[in-house]
Every structure is written in structure tokens, then in C-alpha cells.
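Now for the letters of each chain:
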Amino acid sequence: MPGPEENIKRFIRPDLLELGGYATHTSPDTMREVPPEKIIKIDANENPYGVSPGVRQALGAYKDWNIYPDASQTKLKALLEEYTGVAAENIVAANGSGEVLDEILRLLLDPGDEVINCVPTFDMYRFRTLVNRGKVTMVPRKADFGVDIPAIKGALTPRTKLIILANPNNPTGNATLPGEITDLLNTGIPALVDEAYHEFGGETVAPLVSKYPNLMVLRTFSKWAGLAGLRIGYGLLPAEIARYLMLIKLPYNVNLAAQLAVQQSLSEKDYLLENVRAIIRERDSMFAELQTLGWLEVLPSQANFIFAFLQKGNARELCLELQKKGILVRYFNQPRLQNGVRFSVGRPDQTKVLIAALNELEGSLHD
Ligand SMILES: *Cc1c(COP(=O)(O)O)cnc(C)c1O
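What you see is a predicted model; the values in this text were computed from it and never measured.

Peer 1: Sorry, what's going on with the site of the ligand here?
Peer 2: The local shell around the ligand holds 13 residues, among which Asp194, Tyr197, Thr220, Ser222 and Lys223 are the closest. Residue threonine 220 places a side-chain N or O atom 2.6 Å away from an oxygen atom belonging to the ligand. For the ligand, whose unbound accessible area comes to 390 Å², protein coverage reaches 90%. Among the residues forming the shell around the ligand, the class breakdown is four nonpolar, six polar and three charged.

Below you can see the structure in the form of C-alpha cells.
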């Protein structure tokens, strides 16, 4: 007789029984050793300056939480049109840009269809492709982590439905040239460019959305606007794709708090972009300080984080030691990223504590 657990498991998709899931960062809720106000959380590329001041006020003053949000996202799309310069009919918002990705995969993929993933990169692309019954075709990036265009073209098959590209890339921080992206678009295969860090890096292909019927761009308020906890992202998409996404999405997926926060954030855009500039300045000085330590190979970054390979010691152990001191960073052990650590760029006072801790720990690192 099978046990009760085995009994219910036979109803679950076999491919999902095997799937490992997605590795998330550490939540301070799970840490007991360090008082919460002392924790330096630089492991998930969140904004160290928080939300714009009006967001807290707007959410506090709002009364009609008992009413469903507007499923058509009309007001939200008008705001995003103004911010991006891309027409409202080309925009779909969701509960984080991760959800836009998921909706696109659901729209495009039949079981076994292929998605090109330029690795190493954000693991979400692999994870959501598998959940949506797609097949992940991994195309390794070049030695400098640039996208290998000829290799992508060589990997295309009649079942390729999508090419996904993070620009700048996470966790390596490097950008892809616009010319390389148009080169891919000219293959005619749908290409999804994830611009989660666009505000920190400058480059965007958003103006090309009206010109290429196969270009999709992902954006988010999680990083530059500090709204990671409220979950709001959007896609800039061919109008036809946007129309179908509106048809298949969960109707009330963007909650009212997130919609209000976007409206408020965009009305305080200058304040937020000043914080973005502070993060960019801090990124550049943090880069120099990490290099000066002498035992890290530090990669230049166009985003709000810096990736570095340890030249001695072990990245996982370093992470655990930093965690004991209340500093959360992310280590990587996947291929090409072995013994690597990603530091989100925080405030200058946080960098100071990080560098002091790294100096202190250096003696305990072994070759
Ligand atoms: C952080 C991040 C996002 C943001 O995802 P949300 O679901 O909008 O919070 C998207 N793409 C990449 C590459 C990221 O690093």
C-alpha cells in the first residue's frame, strides 16, 4: 500500500517532482544572531535608499482597499507610456517583471519548445521555462561574459520560441551592445531583453519595440524605485503580444498598493534618480575598494551590484562569515561563476562596514 503522501504525489506533473526550484536570498526574518537594524542586506540588489517619501504617505492615506484594482491597467499604462516613451498598447504590467516573463513563456511555449538562455545569467529564465514545460538551450557567454551571437544563431532550431538576454547581465554586470541585439532581432525569433537594471546602466532598446515585431523588453520598479517588496514590473512588447497577454493574465494581478506606489514614484522620479546616481557613484568607489583588497578579481558593472571572484579562500565560507557579522551577500557555485560573490551596491556607510569586514576576514582565507 502506498503511503498517503505517495498517493497524492502521483497526481503531480512528473517533471515538476524533479525540479529543484529557485534559490532565493536570505530573509532577515530567518536570522537571529544580529539585531535587524544592524543587518547590511546587499544580497538581492535591492535599493538601499528605500521608496520615495510620498509612497509611504500615499499608501497610508488610501482608503478603498476593499475594491478590486483596474484589470485593464489603463491609468498605469498611461503612466508607463509617459515614463518609457513606448505606447500604452505595447505595455503590460504584472506582479513583478518575473510574472511578465512567466506570462510570455505561457503564451509562447508548447511542451518541449526551446528557449535560448545565455549563461551564466539570472536563474529565473531557466526556472520559469522548465515550469512552463519548455526546454532550456544553454548558450555559454564568451570569456568576458559578452553574448556569443554566432553561437546563439547556431543553436536556433525550428522549435526555438524565444531568446532571453539580461542587459546588463545578472550577476556579471556587463552590458550587451545594441548592435548585437538588433543582430539577434534580424533572425526573426522573438527576443526578450531584460532591462531590470536599465536605470543604472543607461542603454535601452525600448525605442526599437515599435520597429521590431519580435522584440520584448522587461522592466521593473524593484531596483531603481525601491519597490521590490510591492512587486511591480512591466513588459514593452509588440502590440499583438501585449493584447494576448492581457487576455491570458490573471485579471487583478497588479495590486492597488503597487499601482499607487508607481504613480507616486513617477511623480517623485527626480528624487529616485538622484538616489540612482548616488548608487552609481558608490558602485564606482566600491569597485576601486574591492580591487584594492588584492585578493578579488572584480568585474566592471553597469548595474547596482558588483561580481567578484575570490583569488583565495572559499566564497561560500566567506559568505557565512560575513553573515555572522550581519552582512548578507550572495555567493555562486554554478559553472563559470565558481568561487564568485555578488555584492549589491549599498550606501557609503554600508560599503565601509563591508570593506572593514573583508579586511578582517582575509587572514582566515586559505588558498
Ligand atoms: C532583480 C531582477 C529582476 C526583477 O524582478 P522583479 O520580479 O521585477 O522583482 C528581473 N530581472 C533580473 C535580471 C533581475 O536581476
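Peer 1: Can you walk me through the sheet that holds strand β10 (residues 305-310) in this structure?
Peer 2: What links the strands of a sheet is backbone hydrogen bonding, and the strands pair in either a parallel or an antiparallel sense. As summarised here, the arrangement of the four strands in space is β9-β10-β13-β12, forming an open sheet in which the pairing is antiparallel. Bordering the open sheet on either side are β9 (296-298) and β12 (330-332), each of which pairs with just one other strand. In this sheet, adjacent strand axes meet at a mean angle of 30 degrees when their direction is disregarded. Sheet analysis places β10 next to strand β13 (residues 340-344), joined by five bridges and oriented antiparallel. Of the residues in β13, the one forming a bridge with alanine 308 is valine 341.

Peer 1: I'm lost on the packing of aromatic side chains in this one. Help?
Peer 2: Aromatic ring pairs: the centre-centre distance and the angle between the two ring planes describe each pair. If you walk through the whole model with that rule in mind, you get 10 aromatic pairs. Geometrically, the ring pair formed by tyrosine 62 and tryptophan 65 is edge-to-face, given 4.7 Å between the ring centres and 65 degrees between the ring planes. For tyrosine 62, a relative accessible area of 26% corresponds to the partly exposed category. On the basis of relative accessible area, tryptophan 65 is assigned to the partly exposed category, the value being 41%. An angle of 55 degrees between the planes, with centres 5.8 Å apart, marks the rings of phenylalanine 307 and phenylalanine 332 as tilted.

Peer 1: Even after reading the chapter, I still don't get the side chain of glutamate 282, so can you show me in this structure?
Peer 2: Of note, glutamate 282 is situated in helix α12 (residues 269-292). Within the buried set, glutamate 282 has no salt-bridge partner at all; the shortest N-O distance to an opposite charge, 7.3 Å, is to arginine 281. Leave out the neighbours within four places in its chain, and glutamate 282 touches Val345, Gly346, Arg347, Pro348 and Thr351.

Peer 1: For this particular structure, what's the right way to read the side chain of asparagine 132?
Peer 2: By the secondary structure assignment, asparagine 132 is in the loop between α6 (124-131) and β4 (135-140). Look at asparagine 132 and you get buried, because its relative accessible area is 13%. Within the structure, the side chain of asparagine 132 is placed 2.9 Å from the backbone oxygen of arginine 128, a separation counted as a polar contact. Those residues in contact with asparagine 132 that sit more than four places away from it in its chain are Asp102, Leu105, Arg106 and Leu109.

Peer 1: For this particular structure, what's the right way to read unusual backbone geometry?
Peer 2: With the exception of glycine, most residues fall at negative phi, and the peptide bonds are largely trans. In this structure, proline 120 follows valine 119 across a cis peptide bond, with omega equal to 0 degrees. Of note, proline 120 is situated in the loop between β3 (114-119) and α6. Following asparagine 170, the chain continues into proline 171 via a peptide bond in cis, with omega recorded as 10 degrees. On the secondary structure map, proline 171 appears in the loop between β5 (160-166) and α8 (178-185).

Peer 1: Please explain the pattern of salt bridges as it appears in this structure.
Peer 2: A pair can form between side chains of opposite charge whenever their charged atoms are brought close. Scanning the model with the defined rule gives 18 salt bridges in all. One salt bridge connects lysine 41 with aspartate 43, and the closest N-O pair in it is separated by 2.7 Å. Taking the shortest distance from any N to any O, the salt bridge between lysine 161 and aspartate 113 comes out at 2.6 Å. Linking lysine 161 in strand β5 with aspartate 113 in the loop between α5 (97-108) and β3, this pair joins segments that are 48 residues apart in sequence. In this structure aspartate 113 comes out as buried when scored by relative accessible area, which is 5%. Each of Lys41, Asp43 and Glu46 takes part in a single network of salt bridges with overlapping partners.

Peer 1: Looking at this structure, how should I read the packing of helix α3 (residues 53-61) against helix α11 (residues 256-267)?
Peer 2: Axes are the key here: two packed helices are described by the angle between their axes and the distance separating the axes. At a minimum axis distance of 9 Å, the contact between α3 and α11 shows a crossing angle of 140 degrees. Classified by the interaxial angle, the pair formed by α3 and α11 is oblique. Crossing geometry of α3 relative to α11 is assigned as right-handed. Every residue of α11 that contacts α3 at Gly54, Val55, Ala58 and Leu59 is listed here: Ala257, Leu260, Ala261, Gln264 and Ser265. For the contact of α3 with α11, the class distribution of residues is six nonpolar, three polar and no charged.

Peer 1: Would you take a moment to explain the nonpolar core for this structure?
Peer 2: The nonpolar side chains of a soluble globular protein tend to be buried with one another. Ranked by size, the top nonpolar core spans 76 residues in total, and within it Phe221 and Leu290 carry the most contacts. Discounting chain neighbours no more than four positions away, the residues touching leucine 290 are Leu296, Val298, Ile306, Phe343, Ile355 and Leu358.

Peer 1: Help me understand the pairing of β10, please; the structure alone is not making it clear to me.
Peer 2: Look at any regular strand and the pattern is simple: side chains alternate between the two faces of the sheet. Of all the six residues making up β10, six are buried; the element is thus mostly covered by neighbouring parts of the structure. What you see with β10 is no split at all: Phe305, Phe307 and Phe309 on one side and Ile306, Ala308 and Leu310 on the other are buried throughout. Pairing between β9 and β10: three bridges, direction antiparallel. By the bridge assignment, leucine 296 is partnered in β10 with leucine 310. In sequence, β9 turns back onto β10 through a hairpin of six residues.

Peer 1: Looking at this structure, how should I read the sheet that holds strand β6 (residues 191-194)?
Peer 2: An order of β2-β8-β7-β6-β5-β3-β4 is seen for the seven strands of this open sheet, with the pairing classed as mixed. The open sheet is flanked by β2 (91-94) and β4, the only strands paired with a single partner. Mean inter-strand twist for the sheet, computed between neighbouring axes without regard to direction, equals 25 degrees. Pairing of β3 with β5, which is carried by four bridges, proceeds in the parallel orientation. Bridged to isoleucine 116 within β5 is isoleucine 163. Most of the contacts of α5 go to strand β7 (residues 215-220), to which it runs at about 155 degrees, and overall it touches β2, β3, β5, β6, β7 and β8 (233-236). Sheet contacts for α8: β5, β6 and β7; angle to β5, the most-contacted strand, approximately 175 degrees.

Cut-offs used in this document
- Residues numbered from 1 in each chain as written.
- Predicted model: local features only at pLDDT ≥ 70, side-chain atom pairs only at ≥ 80, totals over all residues.
- Heavy atoms only, no water.
- Near = heavy atom within 4 Å.
- Polar contact = N/O pair within 3.5 Å; in protein donor to acceptor, adjacent residues only side chain to side chain.
- Areas by Shrake-Rupley, 256 points an atom, 1.4 Å probe, with all protein chains shown as cover.
- Nonpolar A, V, L, I, M, F, W, Y, C, P; charged D, E, K, R; others polar.
- Pairing = 2+ DSSP bridges.
- Helix = DSSP H or I, 4+ residues; strand = E, 2+ residues; numbered from the N terminus.
- Axes fitted to C-alpha atoms, helices over the stretch in contact; angles between N-to-C directions.
- Phe/Tyr/Trp six-rings, centres within 6.5 Å; stacked < 30°, edge-to-face > 60°.
- Buried < 20%, exposed > 50% of the residue type's maximum accessible area, 1.4 Å probe, protein only.
- Lys, Arg positive; Asp, Glu negative; His and termini not counted.
- Salt bridge = Lys/Arg side-chain N within 4 Å of Asp/Glu carboxyl O.
- Contact = heavy atoms within 4.5 Å.
- Parallel < 35°, antiparallel > 145°, perpendicular 65-115°, else oblique.
- Left-handed = near helix turned anticlockwise from the far one by under 90°.
- Core = buried A, V, L, I, M, F, W, Y, C linked by side-chain atoms within 4.5 Å.

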